Amino acid sequence: MIRTRDLVFSYGEVRALDGVSLSVDDGEFLVLAGANGSGKTTLVRQFNGLATPDSGSVTVDGVSVADDPVRARTRVGMVFQHPRDCFVAATVAADVAFGPENLGLDHETVDRRVEESLAAVRMAGRGDERLDALSGGEQARVAIAGALAMDPDHLVLDEPFAGLDWPAREAVLDRLAALADDGMSVVVVTHDLRDVATLADRLVVMADGRVALDGPPAAVVDRAAEFDVRPVPVSGNAEHRTP
Ligand SMILES: Nc1ncnc2c1ncn2[C@@H]1O[C@H](COP(=O)(O)OP(=O)(O)OP(=O)(O)O)[C@@H](O)[C@H]1O
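Figured I'd write up the structure that's included with this text. Residue numbers run consecutively from 1 along every chain, following the written order of its sequence. Under the rules for a predicted model, residues below a pLDDT of 70 receive no local features and side-chain atom pairs below 80 are neither given nor counted, while totals for whole chains, interfaces and linings still include all residues. No hydrogens and no water enter the side-chain calculation; it runs on all heavy atoms of the structure.

Observations concerning the environment of lysine 40
Strands here mean DSSP runs of E at least two residues long; helices mean DSSP runs of H or I at least four residues long; both are numbered from the N terminus. By the secondary structure assignment, lysine 40 is in helix α1 (residues 40–47). Under the scheme applied here, a residue whose accessible area is under 20% of the maximum for its type counts as buried, over 50% as exposed, and between as partly exposed, the area being computed with a 1.4 Å probe on protein chains only. Owing to a relative accessible area of 6%, lysine 40 belongs among the buried residues under this scheme. Separated by 34 residues in the primary sequence, lysine 40 and aspartate 6 place their C-alpha atoms 15 Å from one another. The contact definition used throughout considers only heavy atoms, calling two residues in contact when any of these lie within 4.5 Å. Dropping the residues within four chain positions of it, lysine 40 is found in contact with Leu32, Ala33, Gly34, Ala35, Val189, Thr190, His191 and Met206. Polar contact is defined as a pair of N or O atoms within 3.5 Å, subject to the rule that within protein one atom must be able to donate a hydrogen and the other to accept it, and that residues adjacent in sequence are counted only when both atoms are side-chain atoms. In this structure the side chain of lysine 40 is engaged in a polar contact, spanning 2.9 Å, whose partner is the backbone oxygen of glycine 34.

This is the structure:
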């Protein structure tokens, strides 16, 4: 579980987080929405210690991020917008291997993690392909594989769908939903609630550095427009769950 309590964070005079208390359970697929500048990115950067709060606390599986930021960074995988800017290698497998190699894992373990992570995003057998030859959706899935190869318990994606067409978006969402089904907590930051909200277990809308709405998408999405988030019809949550 990722848990924040009364988080406050300012950039100089700008108070970006103004008392955020939020818990994300294991296996929960949470969509974090909100208008530009509402504090979404600032919040998720606290989850793995990329930023330190002015006050308040963050724990990951009960351990304070401030006390053990290295642990938080390995437990919480992060995928940022524009994955192509974050790639460090020329080919798919080399890029996904980069993180686990840096952990000092042996070759066999790295190879296994690369294989499993690529399979999890339906990119199995494509390790030798060049990243610059992939579609935007495939690149997004490789970026997710790179985070999965670190074997995290939680996965946070900041605007992972930017620039993706509909089928690519669906493929990425499908994978994320499956990961949540397998027990990973998945947090997706997005402006756009189309299709995401129908898959998510929970929708949190931020406004002015605070949690403005929090609940099952079907219950809260109608109010999202009040906070400059595009409303969409939602038929229910957790459609991805299979008995
Ligand atoms: N590096 C920075 N320096 C100064 N102010 C910043 C910085 N990053 C963010 N801010 C400000 O902090 C507030 C919250 O920004 P943040 O990026 O967390 O919001 P967001 O909801 O993720 O927005 P967006 O959807 O545009 O990415 C905004 O007022 C923003 O202008």
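Anyway, onward from the coordinates.
Observations concerning the packing of aromatic side chains
Two rings from Phe, Tyr or Trp (for Trp, the six-membered ring) form a pair when their centres sit within 6.5 Å of each other. Planes less than 30 degrees apart are called stacked, planes more than 60 degrees apart edge-to-face, and all others tilted. Evaluation of the coordinates by the stated rule reveals 1 aromatic pair. With a centroid separation of 4.9 Å and an interplanar angle of 80 degrees, the aromatic rings of phenylalanine 9 and tyrosine 11 are classed as edge-to-face.

A few points about the pattern of salt bridges
Salt bridges are defined by distance alone: a side-chain nitrogen of Lys or Arg within 4 Å of a carboxyl oxygen of Asp or Glu. Summed over all chains, the structure comprises 12 salt bridges. Ionic pairing is found between arginine 130 and aspartate 132, a salt bridge with its closest N-O pair at 3.2 Å. On the basis of relative accessible area, arginine 130 is assigned to the partly exposed category, the value being 45%. Here the salt bridges do not stand alone but share partners, grouping Arg15, Asp18 and Arg210 into one network.

Quick word on unusual backbone geometry
Its identity is not glycine, yet aspartate 6 carries a phi of approximately 50 degrees, on the positive side. Looking at the secondary structure, you find aspartate 6 in strand β1 (residues 2–11). At aspartate 61, a residue that is not glycine, the phi angle is positive and equals roughly 50 degrees.

Concerning the site of the ligand
In the vicinity of the ligand, the contacting residues are Tyr11, Val14, Ala16, Ala35, Asn36, Gly37, Ser38, Gly39, Lys40, Thr41, Thr42 and His191. The contact in question runs from an oxygen atom of the ligand to an N or O atom on the side chain of lysine 40, over 2.8 Å. In the complex, the protein chains occlude 58% of the 630 Å² of accessible area that the ligand would expose alone. Those elements giving two or more residues to the shell around the ligand turn out to be β2 (14–24) and α1. Residue composition of the shell around the ligand, by class: 4 nonpolar, 7 polar and 1 charged. Definition of nearness: a residue and a molecule or strand are near each other if at least one heavy atom of the residue lies within 4 Å of the molecule or strand. Here the open area of atoms and residues is found with the Shrake-Rupley method and a 1.4 Å probe, where only the protein chains shown may cover a residue. Asp, Glu, Lys and Arg are counted as charged, while Ala, Val, Leu, Ile, Met, Phe, Trp, Tyr, Cys and Pro are counted as nonpolar; the rest, among them Gly, fall into the polar class.

Honestly, it's all geometry; don't read function into it.
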